[in-house]
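Structural features, examined
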Amino acid sequence: MMRRNLLLGAAAAVVGRRVAAQPAQKSARIGFIVTGELWPRRHFDEAMQRLGWAEGRNLAIDRRVTGEDPERRKTAAAELVATNPDVIVAAGTLDAQPVLALTRTIPIVVIRGQDLVEMGLVNSLARPGGNVTGIVVRGEELDGKRLQLLRELIPAAARISVLGYTQGPRSVPRAAAIEALARPLGLQVTARLVSEAEELGGAFAASAADHDQAMFVQGSSLIFENQHRVLALAAQYRLPAIYQLREFVDSGGLLSYGEVTRENFERAASLVDKILKGAKPADLPVEQPTTFELVVNLKTANALGLTVPPSILARADEVIE
């Protein structure tokens, strides 16, 4: 018994020394800049928790919600940079630009960026080369598929609108590209580009006055933050609309086809985790979505008097009834 107790005591001492020798997980501070409150940043917080980073325990997050005012974005960016965080997380390209203008040393991770190369945030997707990395989403790569879905859903359609945000990095050229893609499908496209939320009502009214039979809604910060207003206007004017993100369909929109939003946050959290553990943004390739989903809301289709073809229902990843 005495010998066993001595052995157990020695073993406990060894384990104790090993535990004491292990460095405690360091605490980290990150900044988070986002245009509006509706952006589901909870996905990022949940992903960070799964990676072992819990706010209030070993993680502090300083958040700034800017709205659409460019000057407010600059002020928010300056406030975050002044705190000298370990990483700054930017919801999108417009959020990242004023941060990069102020620092070339603090790592920046973009959750859902557009044209990070063209906008000068990174040198290339494979080799970012600076202090920025993240996830790039080029919505136009799926625009042809979205147009085909509209054509399939409303075979008799001849006119459609494209709703976009003028401050979006590629809204204007993208609207022109959609027009070119729609021409072989026999669709006439009119761009309805807004510069502020107050113009959304006018865009829908103009579309209805021109007897457009459907609307193609681009993804942008302004449109996302005003999704309930957009959905209400689509219902008011009885305009079938296709969206880039499923969040619109979850809230009553007709159908969407695009990347899985939650995965963007999970990928961004993974990049932040790597940086907090010593990786450099310059060495972390910009990632792109690999999973896409088609979501259909049958309740909304019925309200619009539309019959969703079995061919679309068979391909849908989710059908909301």
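The following paragraphs examine the structure supplied in this document. Remember, predicted model here, so these are calculated numbers, not experimental data.

The next point concerns the side chain of Gln218. Within the fold, Gln218 resides in the loop between β8 (214–217) and α8 (221–225). Not counting residues up to four positions away in its chain, the partners in contact with Gln218 are Val162, Leu163, Gly164, Ser171, Arg174, Ala175, Ile178, Ile223 and Gln244.

Time to look at the sheet that holds strand β3 (residues 87–92). Taking strand neighbours across the sheet as the criterion, the five strands line up as β2-β1-β3-β4-β5 in an open arrangement whose pairing is parallel. The strands lining the two open edges of the sheet, one partner per strand, are β2 (59–65) and β5 (132–136). Strand-to-strand twist of the sheet, defined as the mean angle between neighbouring strand axes without regard to direction, takes the value 15°. Relative to β5, strand β4 (residues 108–113) is paired through four bridges, and the arrangement is parallel. Bridge pairing in β5 links Ile108 to Val132. Lying over the sheet, helix α2 (residues 42–50) contacts β1 (28–34), β2 and β3, oriented at roughly 170° with respect to β2. Running over the sheet, helix α4 (residues 93–100) touches β1, β3, β4 and β5 and is turned about 145° from β3.

Reading across the sheet, the seven strands line up as β7-β6-β8-β9-β10-β11-β12 and stay open at both edges, with mixed pairing between neighbours. With one partner strand each, in any of the chains shown, β7 (188–194) and β12 (318–320) form the two edges of the open sheet. This sheet shows a mean twist of 20° between the axes of neighbouring strands, independent of strand direction. Relative to the sheet, helix α7 (residues 200–209) contacts β6 (159–165), β7 and β8, its axis offset from that of β7 by approximately 165°.

So, on to the nonpolar core. Of all hydrophobic cores here, the largest spans 47 residues; its most connected members are Phe44, Leu163 and Val272. Considering every element that reaches this core, the biggest residue donor is helix α11 (residues 261–276), with seven residues. By size, the runner-up hydrophobic cluster in this structure holds 29 residues, among which are Leu187, Ala214, Val296 and Ile312.

In this section: the packing of aromatic side chains. One pass over the full model with this rule turns up five aromatic pairs. With a centroid separation of 5.6 Å and an interplanar angle of 65°, the aromatic rings of Phe32 and Phe44 are classed as edge-to-face. Placement of the pair is Phe32 in strand β1 and Phe44 in helix α2, with a sequence separation of 12 residues. Ring geometry for Phe224 and Phe248: centres 6.1 Å apart, planes at 90°, overall edge-to-face. In this pair, Phe224 sits in helix α8 while Phe248 sits in helix α10 (residues 246–250), placing the two residues 24 residues apart along the sequence. Under the relative-accessibility criterion, Phe224 is labelled buried at 4%. Look at Phe248 and you get buried, because its relative accessible area is 5%. Joined through ring pairs, the aromatic side chains of Trp39, Phe224, Tyr243, Phe248 and Phe265 make up one cluster.

Parameters and conventions
Residues numbered from 1 in each chain as written. Predicted model: local features only at pLDDT ≥ 70, side-chain atom pairs only at ≥ 80, totals over all residues. Heavy atoms only, no water. Helix = DSSP H or I, 4+ residues; strand = E, 2+ residues; numbered from the N terminus. Contact = heavy atoms within 4.5 Å. Pairing = 2+ DSSP bridges. Axes fitted to C-alpha atoms, helices over the stretch in contact; angles between N-to-C directions. Core = buried A, V, L, I, M, F, W, Y, C linked by side-chain atoms within 4.5 Å. Buried < 20%, exposed > 50% of the residue type's maximum accessible area, 1.4 Å probe, protein only. Phe/Tyr/Trp six-rings, centres within 6.5 Å; stacked < 30°, edge-to-face > 60°.

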